[in-house]
Amino acid sequence: MVRQNVVVDKSKAFAIRVIRMYQWLSKEKREFVLSKQCLRCGTSIGANLYEGMNGQSTADFIAKLHTSLKEANETDYWLELMKETDYITPEMYDSIHSDCVELIKLITSIIKTTKLNNNIKL
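Residues numbered from 1 in each chain as written. Predicted model: local features only at pLDDT ≥ 70, side-chain atom pairs only at ≥ 80, totals over all residues. Heavy atoms only, no water.

Enquirer: An account of the nonpolar core is needed here, citing residue identities and associated values.
Expert: Nonpolar side chains in soluble globular proteins generally cluster together in the buried interior. Core analysis: the largest hydrophobic core is formed by 28 residues, its most contacted members being Phe14, Met21, Cys38, Ile45, Leu79, Met82 and Ile107. Only α1 (6-29), α2 (33-53), α3 (58-84) and α4 (90-117) provide two or more residues apiece to this core. Ignoring sequence-local partners within four residues, the contact set of methionine 82 consists of Met21, Leu25, Leu34, Ser35, Cys38, Tyr87 and Ile88. (Core = buried A, V, L, I, M, F, W, Y, C linked by side-chain atoms within 4.5 Å. Buried < 20%, exposed > 50% of the residue type's maximum accessible area, 1.4 Å probe, protein only. Helix = DSSP H or I, 4+ residues; strand = E, 2+ residues; numbered from the N terminus. Contact = heavy atoms within 4.5 Å.)

Spelled out as structure tokens, the structure:
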């Protein structure tokens, strides 16, 4: 029986949203640079989570989650730039940004909990 992992599921759903946004931006707005950066880091969040789940050690797991966290923060930056340059509407930004913030909070919580449970300095 496969156990459901909320953060993995949410990161995959987020990646799909980022992919769809990239497809729309490249087709409708003819924007390729900012959206490609967002595509790369937005899809990398889940990829690093998957990699971390199969880490060789707790330290490896934490390192991969830190990478996911950095990718989520970078994604948030590109989303903000696209909003402020009118490539995406404030409503579009609010919707996808809230999902990104949720991932940041979940990943941060997992890192902190893992460190506390393994007596690793915060």
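Moving on from the coordinates now.
Enquirer: A description of the pattern of salt bridges should follow, citing residues and the corresponding values.
Expert: Applying the stated criterion to the full structure yields three salt bridges. One salt bridge in this structure joins aspartate 99 and arginine 17, with 2.5 Å as the shortest N-O distance. Highlighted residues: aspartate 99 in helix α4 and arginine 17 in helix α1, separated in sequence by 82 residues. Looking at arginine 17, the relative accessible area reads 31%, which means it is partly exposed. We note a salt bridge from glutamate 51 to lysine 64, for which the minimum N-O separation is 2.9 Å. Taken together, the residues glutamate 51 in helix α2 and lysine 64 in helix α3 connect sequence positions 13 residues apart. (Salt bridge = Lys/Arg side-chain N within 4 Å of Asp/Glu carboxyl O.)

Enquirer: Give a description of α4 that names residues and reports values.
Expert: Compared with an ideal rise of 1.5 Å per residue, which puts 28 residues at 40 Å, α4 spans 40 Å between its outermost C-alpha atoms and is within 8% of the ideal. Of the positions making up α4, those classed as buried are Tyr93, Ile96, Cys100, Leu103, Ile104, Ile107, Ile111, Thr114 and Lys115. Where α4 is buried, its residues contact α1, α2 and α3. Asparagine 119 lies just past α4 and shows a positive phi near 50°. (Expected span 1.5 Å × (residues − 1).)

Enquirer: With reference to specific residues and values, describe the environment of threonine 108.
Expert: Checked against the element boundaries, threonine 108 lands in helix α4. Residues threonine 108 and leucine 65, spaced 43 residues apart in sequence, show a C-alpha to C-alpha distance of 8.3 Å.

Enquirer: Mind laying out the packing of α2 against α3, listing which residues take part and the relevant values?
Expert: Contact geometry for α2 and α3: axes closest at 8 Å, N-to-C directions at 160°. Between α2 and α3, the angle falls in the class roughly antiparallel. Of the two elements, α2 crosses α3, and the hand of that crossing is left-handed. Counted by class, the contact of α2 with α3 contains 13 nonpolar, nine polar and four charged residues. (Axes fitted to C-alpha atoms, helices over the stretch in contact; angles between N-to-C directions. Parallel < 35°, antiparallel > 145°, perpendicular 65-115°, else oblique. Left-handed = near helix turned anticlockwise from the far one by under 90°. Nonpolar A, V, L, I, M, F, W, Y, C, P; charged D, E, K, R; others polar.)

Enquirer: Break down the state of the cysteines for me, with residues and values.
Expert: Counted by the stated rule, this structure contains zero disulfides. Sulfur of cysteine 38: no disulfide; nearest cysteine sulfur belongs to cysteine 41 and is 5.3 Å away. (Disulfide = S-S within 2.5 Å.)

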